[in-house]
Amino acid sequence: MVRQPSERTVIFLIGAVQFVNILDFMMVLPLGPFFAGPLGIPASQIGVIGGSYTAAAAVSGIACSFFLDRFDRRKALGTAVAGLVVATALGGFSVGFGSIIFARILAGFFGGPATSLSLSIVADVIPAERRGKALGAVMGSFSVAAVLGVPAGLELARWGGWRLPFFSVAGLGLVLIPVAIALLPPLKGHLVAARPRWTGFFKLLSHRTVQLSAVATAVVMSSAFLVIPIITPYLVFNLRFPAKDLKWIYVIGGALSFGVLRIIGALVDRYGSTRLATVGTVLFLIVSWLAFVRYDSRVPITGLFVLFMVGMNFRMAPYQTLISKVPGPSERASFMSLMSATQHLSTSAGAVFSSVVLSTGADGTLVGIPRLGLLAMVVAALVPPLFLLVERRVARAAPVPPAPITVEASSTV
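Scoring rules and cut-offs
- Residues numbered from 1 in each chain as written.
- Predicted model: local features only at pLDDT ≥ 70, side-chain atom pairs only at ≥ 80, totals over all residues.
- Heavy atoms only, no water.
- Helix = DSSP H or I, 4+ residues; strand = E, 2+ residues; numbered from the N terminus.
- Contact = heavy atoms within 4.5 Å.
- Patch = residues over 30% accessible without salt bridge, like charges linked within 9 Å, V, L, I, M, F, W, Y side chains within 5 Å.
- Areas by Shrake-Rupley, 256 points an atom, 1.4 Å probe, with all protein chains shown as cover.
- Salt bridge = Lys/Arg side-chain N within 4 Å of Asp/Glu carboxyl O.
- Buried < 20%, exposed > 50% of the residue type's maximum accessible area, 1.4 Å probe, protein only.
- Axes fitted to C-alpha atoms, helices over the stretch in contact; angles between N-to-C directions.
- Left-handed = near helix turned anticlockwise from the far one by under 90°.
- Nonpolar A, V, L, I, M, F, W, Y, C, P; charged D, E, K, R; others polar.

(A) Expanded view of unusual backbone geometry. Look at Arg240: it is not a glycine, yet its phi comes out positive at around 55 degrees. Along the chain, the position of Arg240 falls in the loop between helix 10 (231-238) and helix 11 (246-271).

Take a look at the structure:
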């Protein structure tokens, strides 16, 4: 009999997949100044390149909600990562605006399902009582990508040209596929479960708990992305923060977030998602007030915005743990695809709305920051009550069937 992998092995593999997936998404905008000139792309169009990925991932999430649960999750994840590798490599072969847009749309189509399947595998394998800690570890890949991946990509671009980071990430993914396929067990337990109550986008949305989960997802993501896109110009143009020191905010904030996510994940297992999300929301509100609404020059900028990154990430482990408990195994990937689509649509909506609220002053500063900060705070304040509603409905629901594979509990992350 083939020995099943430990929980630690599964979490490591899924974290590695998410690292490649997130790095593919995160590195493109910072690389914009490197490829814009050679490809003849106006600087004002760089945001469109990033938005094309998000839009494609949202469309893909809705489409995949109709069929993703019909396949072995291991094979489906391998297919999604393979598509992401091809799309990332195509980005390195781009010759103009049209070709790089095509490559990023293709990356979004595969990157969205890769995330949904990764989280579904964690929820399938890790029991609910340890899931928060596991998801906190997986989501730490976001922080690792920010701390290590993006700076490394920028250095590669300076050393070998803008195409090298694309090829490097594609190569990393190419190495990861056979390793993940070899070490992950077949994940077919959801295929023999009871007939799904929800199949497809519209069936999913007809369920009240799913509706509340989608609203909670939109609130968590949009409250953050109302302000995230303007942080760098706000720091540089409004607060006169040296551009050369921006990297330290992201490095320190990412490193702290990595550690905090692992701690919070374990606390979620003990105290529940709503309590931890409430603490994270309070931190988010305090820092948003100090950073955007009533900024005081006596407060160190680096410390303030590092705390903002921590507060923003503080809510993610409770969020991911909570929504992982909503569906049963037979509809989990479809549900996660719908939540992925909601996430991408919400981040895009937040970013677009921030540009509507703000204007640019004659001296280049952003006008309307306090108003935008207050709006982000109002939206964020909705997180705890929404989490409470979802958590209560999940608690009243029938117990989720046991995980389809047996793993070593003592080896959990």
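(B) Highlighting the environment of Thr88. As for its placement among the helices and strands, Thr88 is situated in helix 4 (residues 73-92). Taking the C-alpha atoms as reference points, Thr88 and Phe167, separated by 79 residues in sequence, lie 7.1 Å from one another. Excluding residues within four positions of it along the chain, Thr88 makes contact with Asp24, Met27, Phe166, Val169 and Ala170.

(C) Molecular detail of a nonpolar patch on the surface. A grouping of Val86, Leu90, Phe93, Phe102 and Phe167 is seen on the molecular surface, where their side chains present a nonpolar patch of about 480 Å² in accessible area. By secondary structure assignment, the location of Leu90 is in helix 4. With a relative accessible area of 32%, Leu90 lands in the partly exposed category.

(D) Geometry of the packing of helix 11 against helix 13 (residues 301-314). Packing of helix 11 against helix 13 brings their axes to within 9 Å, and their N-to-C directions diverge by 35 degrees. Helix 11 and helix 13 meet at a crossing whose hand is right-handed. Between helix 11 and helix 13, the contacting residues are Ile249, Tyr250, Ile252, Gly253, Gly254, Leu256, Ser257, Val260, Leu261 and Ile264 on the first element and Thr302, Phe305, Val306, Met309, Val310, Asn313 and Phe314 on the second. Tallied by class, the residues present in the contact of helix 11 with helix 13 amount to twelve nonpolar, five polar and no charged.

From the geometry alone we can't say anything about function, so treat these as descriptive.
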